[in-house]
Amino acid sequence: MSIVSVNNLTKIFGPEPQRALDLLAQGWSKKKIYEQTKHTVGVNRVSFDIEEGEIFVIMGLSGSGKSTLIRLLNRLIEPTSGDILYQNQNIVKMNAAELRSFRRRRMAMVFQKFALFPHRTILRNVEYGLEIRGVSAKKRQEKARSSLALVGLDGWENSYPDQLSGGMQQRVGLARALANEPDILLMDEAFSALDPLIRKDMQDELLDLQEKMKKTIIFITHDLNEALRIGDKIALLRDGSIVQIGTPEEILINPANRYVEKFVEDVDLSKVLTAAHVMRRPETIGPDRGPRVALQLMRDSGISNLYLVDKSRRLLGAISAEDASAAIKENKTLLAIATRDVPTVRPDLRLNELFDVVSATPIPVAVTDESNRLLGIIVRGAVLAALTGNAEHINVEGDADA
């Protein structure tokens, strides 16, 4: 269910925005409009939907319009045209009082610069949004302490911002936003001022928090690796326009045009793609079937291994052609001769963590869920094909290939 719907949102900077808007409608480019009118197209007829509880990343290079776009969403910058719907309420049409209430209760923002008050303690910084809403001192202290605990800063309530590291200060900014219990969290380059190691820690922290809170987060970044790491959906901007929207996997595997291809060409796919993306449909057999049937299935399919599963597709073992031949000679059942020590991985395991498992086993690795149900198998060739960008071997949806 969409919590935010943006329709043809446009921002033009200059004294006669309507003139530039008309030229956009006639097909003029951002560059031509600036050259002819000295008006700047900050955001160009952008449309997208954000689902409740997802991390929606807006990314692009410097000057692409991403920071302008996020400020349009809460009207820190006024749109030139278009609509922003929050649960069917049009933010663009809210009056000043409605907009203040909306910002205080529904949508909170975390900035790149930590924006903490140096003369306030950490606790009082986190309380600030609740204070201006008129929440009682006792209640706002309770909420502020709870938010600080969420971000791992309990015990620092009486410290001041200059006593904290950059990463800790950003956690305070996040706690302040969370204390207001917003439905939507806007994060504008929130981690870009941090050192690389601290930045990665904050990304992990955000993902951990999201597991607990299930907030709708709109996250701005210029860092593709950050976008791929935390985003459920990514909107890639260029010159104020959306070039492509999709999951990280969709953007990596099916770039919309040459610009997106160039943007993602240096990404290490092994750190993004998972077992689910390269697994294939396994050939299976039930324990009630005989070894002759198993051999015939292998011949018909041109394979050398079958996977033994019960009626619920729980993995019982693997059978090779040699095993089946031996079972015929010794008059044994498939269950009796099956190899029980089958290497297994979960579907969300990254490819860079798969290498050792795949290279060390003589049979394809089984992909199983938490109930040990067989979802697919992984062969070495599929992993190598995925890492070389061969889309035919990659399953974007994460289901086994037919």
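None of the values given here were measured: they were computed from a predicted structure.

> Teacher, can you tell me more about the sheet that holds strand β7 (residues 184-188) here?
Reading across the sheet, the 6 strands line up as β6-β7-β8-β3-β9-β10 and stay open at both edges, with mixed pairing between neighbours. Of all strands in the sheet, those bounded by a partner on one side alone are β6 (107-110) and β10 (241-246). Neighbour to neighbour, the strand axes of the sheet diverge by 20 degrees on average, direction disregarded. Looking at chain direction, β6 and β7 are connected through 4 bridges and run parallel. Paired with Val 110 across the two strands is Met 187, which belongs to β7. Of the strands in this sheet, β3 (55-59), β7 and β8 (216-221) touch helix α8 (residues 196-213), which is tilted by about 165 degrees from β8.

> Explain unusual backbone geometry to me, please; I cannot follow it from the model alone.
Among all residues except glycine, the phi angle is most often negative; among peptide bonds, the trans geometry is most common. Unlike most non-glycine residues, Gln 87 shows phi in positive territory, near 45 degrees. Topologically, Gln 87 is positioned in the loop between β4 (81-86) and β5 (89-90). A residue is classified by how much of its surface remains accessible, and Gln 87, at 39% relative accessible area, is partly exposed.

> Could you clarify how one ought to interpret the side chain of Asn 305 in this entry?
Positionally, Asn 305 belongs in strand β12 (residues 305-309). You can call Asn 305 buried: its relative accessible area is 14%. A polar contact is formed between the side chain of Asn 305 and the side chain of Ser 304, at a distance of 3.3 Å. Excluding its chain neighbours within four sequence positions, the residues that come into contact with Asn 305 are Met 298, Ile 319, Ser 320, Ile 363 and Pro 364.

> Could you clarify how one ought to interpret the environment of Glu 265 in this entry?
Note on placement: Glu 265 falls in the loop between α11 (258-264) and α12 (275-278). The class of Glu 265 is partly exposed, set by a relative accessible area of 44%. A distance of 3.4 Å separates the side chain of Glu 265 from the side chain of Lys 262, its partner in a polar contact.

> Explain the packing of aromatic side chains here, please?
In this description, a pair of aromatic rings is defined by centroid distance and the angle of the planes. One pass over the structure, following the stated rule, counts 4 aromatic pairs. Look at Phe 48 and Phe 56: their rings are 5.0 Å apart centre to centre, the planes differ by 20 degrees, and that puts the pair in the stacked class. We classify Phe 48 as buried; its relative accessible area is 4%. For Phe 56, a relative accessible area of 0% puts it in the buried group. Just above the ring of Phe 13 sits the side chain of Lys 11; from NZ or CZ to the centre is 5.3 Å. One residue, Lys 32, lies across the ring of Trp 28, its end atom 4.3 Å from the ring centre.

> Would you explain the UniProt feature "domain: CBS" (unreviewed entry) in the chain in this entry?
Here the UniProt feature "domain: CBS" (unreviewed entry) sits at residues 278-334 and 338-396. Across residues 278-334, the secondary structure splits into 40% helix and 23% strand, with the terminal C-alpha atoms separated by 28 Å.

> Is there a simple way to think about the pattern of salt bridges in this case?
Any two side chains of opposite charge can pair, on the condition that their charged atoms come close. Considering all chains together, one arrives at 16 salt bridges under this definition. Close ionic contact of Arg 71 with Asp 188 constitutes a salt bridge, the shortest N to O distance being 2.4 Å. Highlighted residues: Arg 71 in helix α3 (residues 66-73) and Asp 188 in strand β7, separated in sequence by 117 residues. Measuring nitrogen to oxygen at the nearest pair gives 2.8 Å for the salt bridge that ties Arg 373 to Asp 369. Judged by relative accessible area, Arg 373 falls into the partly exposed class, the value being 38%. Its relative accessible area of 8% is what places Asp 369 among the buried residues. Taken together, the salt bridges that share partners define one network made up of Lys 200, Asp 204 and Arg 229.

> Looking at this model, I keep getting lost on the nonpolar core. Mind explaining?
Generally speaking, a soluble globular protein has its nonpolar side chains buried in company with each other. Among the nonpolar cores identified, the biggest contains 64 residues, and Leu 185, Met 187, Phe 219 and Ile 378 are the most heavily contacted of them. Looking at this core element by element, the count peaks at 7 residues for helix α7 (residues 166-179). Counting contributing residues, this core receives three or more from each of domain 1 (51-83 + 91-106 + 182-267) and domain 2 (275-388). Here Ile 378 is in contact with Ala 275, Val 278, Met 279, Val 345, Leu 354, Val 358, Pro 364, Val 365, Val 367 and Val 383, once residues within four sequence places are set aside.

> Is there a simple way to explain the pairing of β7 in this structure?
Consecutive side chains of a regular strand alternate in pointing toward one face of the sheet and then the other. Most of β7 sits out of view: 5 of its 5 residues are buried. The two faces of β7 match: Ile 184, Leu 186 and Asp 188 on one face and Leu 185 and Met 187 on the other face are all buried.

> What is the right way to look at the pairing of β8 in this model?
Within β8, 6 of the 6 residues are buried, which leaves the element mostly enclosed by the surrounding structure. When β3 meets β8, the two strands line up parallel, connected through 5 bridges. From the neighbouring strand, Ile 55 faces β8, where its bridge partner is Ile 217. Here β7 runs beside β8; their pairing, made up of 5 bridges, is parallel. Bridge pairing links Met 187 to Phe 219 in β8.

Reading guide: rules and limits
Residues numbered from 1 in each chain as written. Predicted model: local features only at pLDDT ≥ 70, side-chain atom pairs only at ≥ 80, totals over all residues. Heavy atoms only, no water. Pairing = 2+ DSSP bridges. Helix = DSSP H or I, 4+ residues; strand = E, 2+ residues; numbered from the N terminus. Axes fitted to C-alpha atoms, helices over the stretch in contact; angles between N-to-C directions. Contact = heavy atoms within 4.5 Å. Buried < 20%, exposed > 50% of the residue type's maximum accessible area, 1.4 Å probe, protein only. Polar contact = N/O pair within 3.5 Å; in protein donor to acceptor, adjacent residues only side chain to side chain. Phe/Tyr/Trp six-rings, centres within 6.5 Å; stacked < 30°, edge-to-face > 60°. Lys NZ or Arg CZ within 6 Å of the ring centre and 35° of its normal. UniProt positions renumbered as here; feature names shortened; annotations may be inferred. Salt bridge = Lys/Arg side-chain N within 4 Å of Asp/Glu carboxyl O. Core = buried A, V, L, I, M, F, W, Y, C linked by side-chain atoms within 4.5 Å. Domains from an automatic or database assignment.

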